[in-house]
Amino acid sequence: MKLSTKGRYGLKAMFQLALYKSEGPIPLKNIANKQNISEQYLEQIFSSLKKSGLVKSVRGAQGGYLLAKEPKDITVGDILIVLEGPVSLSSCLLDEDICENSGKCVTKVVWEKIKKGIDEVINSITLQDMIDDHNKNILENDITNLIIK
């Protein structure tokens, strides 16, 4: 399983919105520049995120995008499912009728366990967790730099 750029870039962009939440609406141009992502591609991504209710848009000179919920209430899974669809290593997990051996397949149990593990991880990490990890890394780097000097 490999995430597409849509999922990876969407998660980065949502992190950016969460990180600068207190600054109000953030223009896509700013996110695109900060994350080195095409602004046109972000427009497509944000269209899906807006339809799903994860972000809100504000028009005008001071416009841009805002999170529709608090960072603690948006999981990585929420974002990835909107942008990538349901997580699955095998199509038989999404549609049992796709395989005639579904009821007796020995590998299906393996795919189910892997899917369950992935779901548990992506649904347990929130944007707030990502912000906390980011801030912790900045603090650790600052301390390391002070010690080295």
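Throughout what follows, the structure given in this document is the object of discussion. Treat the numbers as computed from the prediction; the structure is a model and nothing was measured.

Before going further, it helps to examine the packing of aromatic side chains. Counting across every chain of the model gives two aromatic pairs. Taking 4.7 Å as the distance between ring centres and 55 degrees as the angle between the ring planes, the aromatic pair formed by Phe46 and Tyr65 counts as tilted. In this pair, Phe46 sits in helix 3 (residues 39-51) while Tyr65 sits in strand 2 (residues 64-67), placing the two residues 19 residues apart along the sequence. Judged by relative accessible area, which is 0%, Phe46 ranks as buried.

A separate point is the pairing of strand 1 (residues 55-58). One ladder, built from four bridges, connects strand 1 with strand 2; its direction is antiparallel. Bridging across to strand 2, Val55 finds its partner in Leu67.

The phi torsion at Asn36 lies on the positive side, around 55 degrees, for a residue other than glycine. Positionally, Asn36 belongs in the loop between helix 2 (28-35) and helix 3.

Of the residues making up helix 4 (residues 76-84), those classed as buried are Val76, Gly77, Ile79, Leu80 and Leu83. Mapping the buried residues of helix 4 onto a view down its axis gives an arc of 160 degrees, with all of them on the same face. Note on helix 4: the residue one or two positions beyond its end, Gly85, has a positive phi of about 90 degrees.

The next point concerns the packing of helix 1 (residues 5-19) against helix 3. Where helix 1 contacts helix 3, the axes come no closer than 10 Å and their chain directions differ by 80 degrees. For the element pair helix 1 / helix 3, the angle class is roughly perpendicular. Within the contact between the two elements, helix 1 uses Thr5, Lys6, Tyr9, Gly10, Ala13, Met14 and Leu17 and helix 3 uses Tyr41, Leu42, Ile45, Phe46, Ser48 and Leu49.

Conventions and cut-offs
Residues numbered from 1 in each chain as written. Predicted model: local features only at pLDDT ≥ 70, side-chain atom pairs only at ≥ 80, totals over all residues. Heavy atoms only, no water. Phe/Tyr/Trp six-rings, centres within 6.5 Å; stacked < 30°, edge-to-face > 60°. Helix = DSSP H or I, 4+ residues; strand = E, 2+ residues; numbered from the N terminus. Buried < 20%, exposed > 50% of the residue type's maximum accessible area, 1.4 Å probe, protein only. Pairing = 2+ DSSP bridges. Arc of directions from axis to C-beta. Axes fitted to C-alpha atoms, helices over the stretch in contact; angles between N-to-C directions. Parallel < 35°, antiparallel > 145°, perpendicular 65-115°, else oblique. Contact = heavy atoms within 4.5 Å.

Such coordinate-based values are descriptive only and should not be taken to indicate function.
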